[in-house]
Amino acid sequence: MKLAVVGGGSTYTPELIDGFARLRGELPLSEIALVDPDEHRLATVAGMARRMLARAGHPAALTTATRVEDGVAGAAAVLLQLRVGGQAARNVDETLPLECGCVGQETTGAGGLAKALRTVPVVLDIAEKVRAHAPGAWIVDFTNPVGIVTRALLGAGHRAIGLCNVAIGFQRRFAALLGVTPERIALGHAGLNHLTWERSVLLDGVDVLPRLLDEHGEAIAESVGVPVELVRHLRAVPSYYLRYFYEHDRVVAEQRTSPSRAAEVAAMESALLEMYADPAVDTKPDLLNRRGGAFYSEAAVALVASLMGDRGDVQVVNTRNDGTLPFLDDDAVIEVPATVGAAGAVPLPVDPLEPLYRGLIAHVSAYESLALEAALRGGEDRFRDALLAHPLVGQASLADDLAARLVEANRAFLPWA
Ligand code: G6P
Ligand code: MN
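Computed from a predicted structure; not experimentally measured.

A. Quick peek at the site of ligand 1. Surveying the vicinity of ligand 1 reveals 14 residues, the closest of which are Asn-144, Asn-165, Arg-261, Arg-291 and Gly-292. One nitrogen or oxygen atom from the side chain of Arg-291 is found 2.7 Å from an oxygen atom belonging to ligand 1. The backbone of Gly-292 places a nitrogen or oxygen atom 2.5 Å from an oxygen atom of ligand 1. Summarising the interface, the protein chains cover 87% of the accessible area of ligand 1, which totals 390 Å² for the free molecule.

B. Examining the side chain of Arg-90 more closely. By the secondary structure assignment, Arg-90 is in helix α4 (residues 86–99). Judged by its relative accessible area of 6%, Arg-90 falls in the buried class. For Arg-90, the side chain forms a polar contact with the side chain of Glu-106, separated by 3.4 Å. Setting aside chain neighbours within four positions, we find Arg-90 in contact with Arg-83, Glu-106, Arg-118, Arg-261, Ala-262, Val-265 and Arg-291.

C. Looking closely at the coordination of the manganese ion (ligand 2). Summarising the metal site, the manganese ion (ligand 2) is bound by the protein donors Cys-164 (SG) and His-194 (NE2), whose distances to it range over 2.2 to 2.4 Å. Placement of Cys-164 in the loop between β6 (160–162) and α7 (166–178) and of His-194 in the loop between β7 (185–192) and β8 (195–203) is noted, with a sequence separation of 30 residues between them.

D. Structural detail: the environment of Ala-294. Summarising the element assignment, Ala-294 is placed in the loop between α12 (261–276) and α13 (296–309). Residue Ala-294 is classed as partly exposed on the basis of its relative accessible area of 36%. With 282 residues separating them in the primary sequence, Ala-294 and Tyr-12 have C-alpha atoms 9.9 Å apart.

E. Quick peek at unusual backbone geometry. For the peptide bond that leads from Asn-144 to Pro-145, omega is -5°, which places it in the cis range. Relative to the helices and strands, Pro-145 is located in the loop between β5 (138–141) and α6 (146–155). For His-194, which is not a glycine, the phi torsion comes out positive at approximately 60°. Here Asp-310, not a glycine, exhibits a phi torsion of approximately 50°, which is positive. Tracing the chain through its elements places Asp-310 in the loop between α13 and β11 (313–320).

F. Main features of empty space enclosed by the protein. Going through the model one piece at a time under the given rule, you end up with one cavity of 30 Å³ or more. In this model, the largest cavity occupies a volume close to 150 Å³. Lining the largest cavity are 16 residues, with Thr-107, Thr-108, Asn-193, Val-364 and Glu-368 positioned closest to its centre. Secondary structure elements with two or more residues in the lining of the largest cavity: α6 and α14 (355–377). Grouping the amino acids of the lining of the largest cavity by side-chain chemistry returns eight nonpolar, seven polar and one charged.

G. Looking closely at the packing of helix α2 (residues 39–56) against α12. In the contact formed by α2 and α12, the axes pass within 9 Å of each other and the chain directions differ by 60°. With respect to their mutual orientation, α2 and α12 come out oblique. Judged by the twist between their axes, the crossing of α2 over α12 is left-handed. Note on element contacts: α12 touches α2 through Glu-269, Leu-273, Met-275 and Tyr-276, opposite Arg-41, Thr-44, Val-45, Met-48 and Arg-51.

H. Representation of the environment of Gly-188. Within the secondary structure layout, Gly-188 lies in strand β7. For the pair Gly-188 and Asp-351, spaced 163 residues apart in sequence, the C-alpha separation works out to 8.9 Å. Filtering out sequence-adjacent residues up to four positions away, Gly-188 remains in contact with Trp-197, Glu-198, Arg-199 and Ser-200.

I. Up close: the layout of surface pockets. Each pocket or cavity is described by its volume, and for the second largest pocket that value is around 900 Å³. Along the wall of the second largest pocket there are 31 residues; nearest its centre are Gln-171, Ile-185, Val-314, Gln-315 and Val-316. Broken down by secondary-structure element, the contributors of at least two residues to the lining of the second largest pocket are α7, β7, β8, α13 and β11. Element by element, the count of residues in the lining of the second largest pocket is highest for β7, at six residues.

J. Quick look at α13. Here α13 is 14 residues long and its end C-alpha atoms lie 20 Å apart, about the 20 Å a rise of 1.5 Å per residue gives. Burial analysis of α13 places twelve of its 14 residues in the buried class, which makes it a mostly covered element. For α13, the full list of buried residues reads Tyr-296, Ser-297, Glu-298, Ala-299, Ala-300, Val-301, Ala-302, Leu-303, Val-304, Ala-305, Ser-306 and Leu-307. Where α13 ends, the next residue or the one after it, Asp-310, has phi of about 50°, a positive value.

K. Main features of the state of the cysteines. The full count for this structure, using the stated rule, is zero disulfides. With no disulfide partner, Cys-102 has as its closest neighbouring cysteine sulfur the one in Cys-100, 6.3 Å distant.

L. Main features of the pattern of salt bridges. A complete count under the given rule lists 37 salt bridges for this structure. Note that Lys-284 and Glu-15 form a salt bridge whose closest N and O atoms lie 2.9 Å from each other. Linking Lys-284 in the loop between α12 and α13 with Glu-15 in helix α1 (residues 13–22), this pair joins segments that are 269 residues apart in sequence. Look at Lys-284 and you get partly exposed, because its relative accessible area is 22%. As a salt-bridge pair, Lys-115 and Glu-106 come within 3.9 Å of each other at their nearest N and O atoms. Overall, the relative accessible area of 3% leaves Lys-115 in the buried class. When salt bridges with common partners are traced through the structure, they connect Glu-15, Asp-18, Arg-22, Arg-172, Lys-284 and Glu-298 into a single cluster.

Cut-off values and rules
- Residues numbered from 1 in each chain as written.
- Chains lettered and ligands numbered in written order.
- Predicted model: local features only at pLDDT ≥ 70, side-chain atom pairs only at ≥ 80, totals over all residues.
- Heavy atoms only, no water.
- Near = heavy atom within 4 Å.
- Polar contact = N/O pair within 3.5 Å; in protein donor to acceptor, adjacent residues only side chain to side chain.
- Areas by Shrake-Rupley, 256 points an atom, 1.4 Å probe, with all protein chains shown as cover.
- Helix = DSSP H or I, 4+ residues; strand = E, 2+ residues; numbered from the N terminus.
- Buried < 20%, exposed > 50% of the residue type's maximum accessible area, 1.4 Å probe, protein only.
- Contact = heavy atoms within 4.5 Å.
- Donors = N, O, S within 2.8 Å, 3.2 Å for Na, K, Ca; no water.
- 1 Å grid on protein atoms, 1.4 Å probe; cavity = no way out; pocket = protein on both sides within 12 Å on 5 of 7 lines; lining within 4 Å.
- Points joined across faces, edges and corners; volume = space filled by probe spheres on them.
- Nonpolar A, V, L, I, M, F, W, Y, C, P; charged D, E, K, R; others polar.
- Axes fitted to C-alpha atoms, helices over the stretch in contact; angles between N-to-C directions.
- Parallel < 35°, antiparallel > 145°, perpendicular 65-115°, else oblique.
- Left-handed = near helix turned anticlockwise from the far one by under 90°.
- Expected span 1.5 Å × (residues − 1).
- Disulfide = S-S within 2.5 Å.
- Salt bridge = Lys/Arg side-chain N within 4 Å of Asp/Glu carboxyl O.

In structure tokens form, the structure reads like this:
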């Protein structure tokens, strides 16, 4: 089976290769195609990937292509992990909103909207090439903002599923705290991508969340960056991204006096690329573990293996709502546990969401629909409308100001601007 990775020149690729090598019994691959427009970076990362596969004795051929058409041809699955504009554009997403008193983040708030507008047209163009050259292939989208990008892909009729490592990260962390294997843990995970809560944690079918919060509340709260009192009060674990809502002003104050994540990541990327260029390096460097993508290779392997092998197991994915959360549009994309087989993902029923979560989810989902509209049709007025609808912006003058500044800063990536 051939698998293609678009954005294959990413410094994250060795994380994926490491997963493919470790989990080859689960997902037998005969070819891994790395696709990236940056020839130099592609060659460096491909060299590293080939050494890793050779060391692991993995039989897959590692091929490269700069054109999507060539790289995806004949693939059964295509992973998207690209970043339009690289860390430089991300740096704008993370710093410009701060000037207006808003959180600077690449997926949440105004920065996430700018990222969506840069990314959606590029991803849709790639997906058309997949449709033409790899008909029937599944598209697994890691490209952020995953909720909006997946909604765009599904809206255009592609066979797509969105994936994020937040849920698998919780599953692994809770398993470690309980001293059990991760397969025994099932999460009551619900919401939208980067806007989720763990409302139950089943160990062999029994909810152990109350016990986890009693015994490990401090550690859990610290890992998601919110006060332990909040977690204990909610009796649920918000994802790390809820911090940008629950602790908004505190985060803004912190961000104003510290380097952006984009700047940190850019420095890590230079160091990683130097290691990947060293012919003596053939294992995933420890430095890669300082990136946010822990376990994402495992999530990818599990998802592709279930799509290809019709396994029918339960995984947390981003997929069409279709009534699962009855207060959202059918075509909204939600992040929930779903049964995954050859026909795709079918969400499991979700216990009715408490108003405390439901309101925020509905609010952000409405924003996402306007963000997609702006990404597809362009226009500063649509950009502003999406910001007006965002719970972290909302005020008219702020939305006007941010729209004007972000459109200006992203002009090179917006064909209509
Ligand atoms: C987590 C999120 C991803 C995001 C990543 C950023 O893994 O789930 O959606 O891309 O963090 O990591 P970075 O190292 O680039 O800050
Ligand atoms: Mn994510």
